[in-house]
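# Tertiary structure, described
Residues per chain, in single letters:
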Amino acid sequence: MGKFLSTRFQGKDGYHLGERSKSRSIIKLNSNESPFPPSPEVLASVTKDLLEEQNFYSDPKSRRLTEAVAGYYGVDAGEVFVDSGSDVVLSYCMLAFGSGRGFCFPDVTYAFYKTFSEFFDVPYTEIPVKADFSINAEDYFNSGRHVLIANPNAPSGLVLGIDEIERIVESDPDRLVIIDEAYVDYQNESCIPLIQRHKNLVVVQTMSKSRNLAGARIGFAVSAAENIEDLATMKAAFNPDSINSISEAMGCAAMKDSSYMREYVKKIVFTREKTREELQRRGFEVLKSHTNFLFFKPPYLSAEEFCKRLKEKGVLVRHYTQPRINSYVRMTIGSEDQMKEVLSRIDSVLYKDPVALQA
Ligand SMILES: *Cc1c(COP(=O)(O)O)cnc(C)c1O
């Protein structure tokens, strides 16, 4: 740490990203990226004309992208806010709405929520999930604080029904409920239609997972126009031109080619269920998943040892230090071929040690 860092940030720690590797021999299943390339329409959207226009600033309102998102969900363009990744959108939500009342979120969830709260001095309460990692909606009714829930949740992969979300939203119209739908496209129902009835609901999504565009950095929020205006004010004060024009073009194309998204989601869901069965057959305790990853407890080995041995075999997966989940591993679902290969590497890791096998 240098001597100039503001005291309020001293000793604070950012979010720990999954290890990055571009090596072809490494199978990278630690950041919930898609193993598939973006849609051909997305590739075609990066034209020579677009590249030649890079001497100009991008459209600060990202009108085309905003309209593409609005069109897909059948909402007004004034009800959509876009920015460079949903992490940025979520941080603007925290900054815009968090001071005073603060936020509550599950104790087992996306680690960034706590990081944002700590860095932005937003008071927060962690509400314990049940022993099976599911969320009890009623725990949020009288929490006093604004609510932030990932649905489906990460890293559990579990989902809360739309009716349950609506009960939380209705329980206190004077506070905001933010639903992070990073994994909604994996055949779950979005609560975006609820914004027509409830002005205290903000739904956040990303193109990083199901639309195969993690590198393009595109996320968005859908809510009543008055909330979207507040987010736009935050953006105007920080980085008004944050979405570059190449990403905007790719995002528009991805939003319009939703049949490509659904086709590849179907492949992931199929491979996920097959992988889950294979792991269960080997004695793994695997939670049901509504996302593009699995959350499980390995047999014989601790999560840490399992991840270490798997890494030696060239497969990167995620484990946690937080006590409630430190015996669990999160593994992104890759292509069918990758998962076949990963299962065989898992076998070599599990059966490497005959003593462990007898235990
Ligand atoms: C991946 C993820 C995000 C971040 O998405 P970006 O748009 O890539 O910033 C946000 N929330 C959850 C729950 C995620 O898993």
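For the structure itself, look to the data block above.
Before going into details, it helps to say that this report is about the structure given with it. (Residues numbered from 1 in each chain as written. Predicted model: local features only at pLDDT ≥ 70, side-chain atom pairs only at ≥ 80, totals over all residues. Heavy atoms only, no water.)

## A closer look at unusual backbone geometry
Residue P152 is reached from N151 by a cis peptide bond, and omega for that bond is -5°. Examined against the element boundaries, P152 turns out to sit in the loop between strand 5 (146-150) and helix 6 (162-171). A cis amide bond, omega 0°, links A154 with the succeeding residue P155. Phi at N32 is positive, roughly 60°, even though this residue is not glycine. Looking at the element boundaries, N32 is found in the loop between strand 1 (27-28) and helix 1 (40-45). For N32, a relative accessible area of 1% corresponds to the buried category. One non-glycine residue with positive phi stands out, namely Y300, at about 60°. In this structure, Y300 sits in the loop between strand 10 (293-297) and helix 10 (303-312). (Helix = DSSP H or I, 4+ residues; strand = E, 2+ residues; numbered from the N terminus. Buried < 20%, exposed > 50% of the residue type's maximum accessible area, 1.4 Å probe, protein only.)

## So, the pattern of salt bridges
Applying the stated criterion across every chain, the model contains 20 salt bridges. Three or more residues are tied together by salt bridges with common partners; here these are E278, R281, R282 and D347. (Salt bridge = Lys/Arg side-chain N within 4 Å of Asp/Glu carboxyl O.)

## What about the sheet that holds strand 10?
Hydrogen bonds between backbone groups are what pair the strands of a sheet, and the pairing can be parallel or antiparallel. Reading across the sheet, the four strands line up as 9-10-13-12 and stay open at both edges, with antiparallel pairing between neighbours. Strand pairing shows two members of the sheet lacking a second neighbour, strand 9 (285-286) and strand 12 (318-319), which therefore form its edges. Pairing of strand 9 with strand 10, which is carried by two bridges, proceeds in the antiparallel orientation. Across the sheet, V286 pairs through a bridge with F296, a residue of strand 10. Lying over the sheet, helix 9 (residues 258-281) contacts strand 9, strand 10 and strand 13 (329-332), oriented at roughly 10° with respect to strand 10. (Pairing = 2+ DSSP bridges. Contact = heavy atoms within 4.5 Å. Axes fitted to C-alpha atoms, helices over the stretch in contact; angles between N-to-C directions.)

## A closer look at the site of the ligand
Taken together, G85, S86, D87, Y110, D180, A182, Y183, T206, S208, K209 and R217 are the residues near the ligand. In the environment of the ligand, an oxygen atom lies 2.6 Å from a nitrogen or oxygen atom belonging to the side chain of Y183. In this structure, an oxygen atom belonging to the ligand sits 2.8 Å away from a side-chain N or O atom of R217. Look at the ligand: alone it shows 390 Å² of surface, and the protein chains cover 93% of it. Of the residues that constitute the shell around the ligand, the class distribution is three nonpolar, four polar and four charged. (Near = heavy atom within 4 Å. Polar contact = N/O pair within 3.5 Å; in protein donor to acceptor, adjacent residues only side chain to side chain. Areas by Shrake-Rupley, 256 points an atom, 1.4 Å probe, with all protein chains shown as cover. Nonpolar A, V, L, I, M, F, W, Y, C, P; charged D, E, K, R; others polar.)

## Digging into the side chain of T115
Topologically, T115 is positioned in helix 5 (residues 112-119). A polar contact is formed between the side chain of T115 and the backbone oxygen of A111, at a distance of 3.3 Å.

## Observations regarding helix 4 (residues 86-97)
Between its first and last C-alpha atoms helix 4 spans 16 Å; for twelve residues at 1.5 Å apiece the expected length is 16 Å, and the two agree. For helix 4, every residue scored as buried is listed here: S86, V89, L90, S91, Y92, C93, M94 and F97. (Expected span 1.5 Å × (residues − 1).)

## Notes on the sheet that holds strand 4 (residues 124-127)
Read across the open sheet, the seven strands follow the order 2-8-7-6-5-3-4; overall the sheet is mixed. Both edges of this open sheet fall to strand 2 (80-83) and strand 4, since each of them pairs with a single strand only. Going from strand to strand, the sheet's axes swing by 20° on average, the running direction of each strand aside. As defined by bridge partners, strand 3 (residues 103-106) adjoins strand 5 across two bridges and the pair is classed as parallel. Each bridged residue has a counterpart across the sheet, and for F103 the counterpart in strand 5 is H146. Of the strands in this sheet, strand 2, strand 7 (201-206) and strand 8 (219-223) touch helix 3 (residues 63-73), which is tilted by about 130° from strand 2. The sheet contacts of helix 6 involve strand 5, strand 6 (177-180) and strand 7, and relative to strand 6 the element is tilted by about 155°.

## Comments concerning helix 6
Turning to helix 6, its buried residues are I162, I165, E166, I168 and V169. Buried residues along helix 6 cover an arc of 155° about the axis, so they all sit on one side. Against strand 5, strand 6 and strand 7 lie the buried residues of helix 6. (Arc of directions from axis to C-beta.)

## Digging into the nonpolar core
Membership of the largest hydrophobic core comes to 51 residues, with the highest contact counts inside it found for F133, I168, L201 and M207. Elements represented by at least two residues in this core include exactly helix 3, strand 2, strand 5, helix 6, strand 6, strand 7, strand 8 and helix 8 (245-256). Residues contacting M207, with those up to four places away along its chain left out, are L65, V69, N212, L213, A214, I218, F220, G251, A254 and M255. Counting 35 residues, the second largest nonpolar core, distinct from the first, contains F36, V269, L301 and L310. (Core = buried A, V, L, I, M, F, W, Y, C linked by side-chain atoms within 4.5 Å.)

## Remarks on the packing of aromatic side chains
Going through the model one piece at a time under the given rule, you end up with 21 aromatic pairs. Pairing Y183 with Y186 gives two aromatic rings, centres 6.5 Å apart and planes at 40°, and the pair type is tilted. Note on accessibility: Y183 and Y186 belong to one class, buried. When the centroid spacing of 6.3 Å and the interplanar angle of 70° are considered together, the rings of F295 and Y320 count as edge-to-face. A residue pair is termed long-range when its members are at least 10 positions apart, and F295 in strand 10 and Y320 in the loop between strand 12 and strand 13 qualify at 25 residues. The class for Y320 is buried, based on a relative accessible area of 17%. Connected via pairs of aromatic rings, a cluster forms that spans F105, Y110, F112, Y113, F116, F120 and Y124. (Phe/Tyr/Trp six-rings, centres within 6.5 Å; stacked < 30°, edge-to-face > 60°.)

Function-wise, these values are silent; they only describe arrangement.
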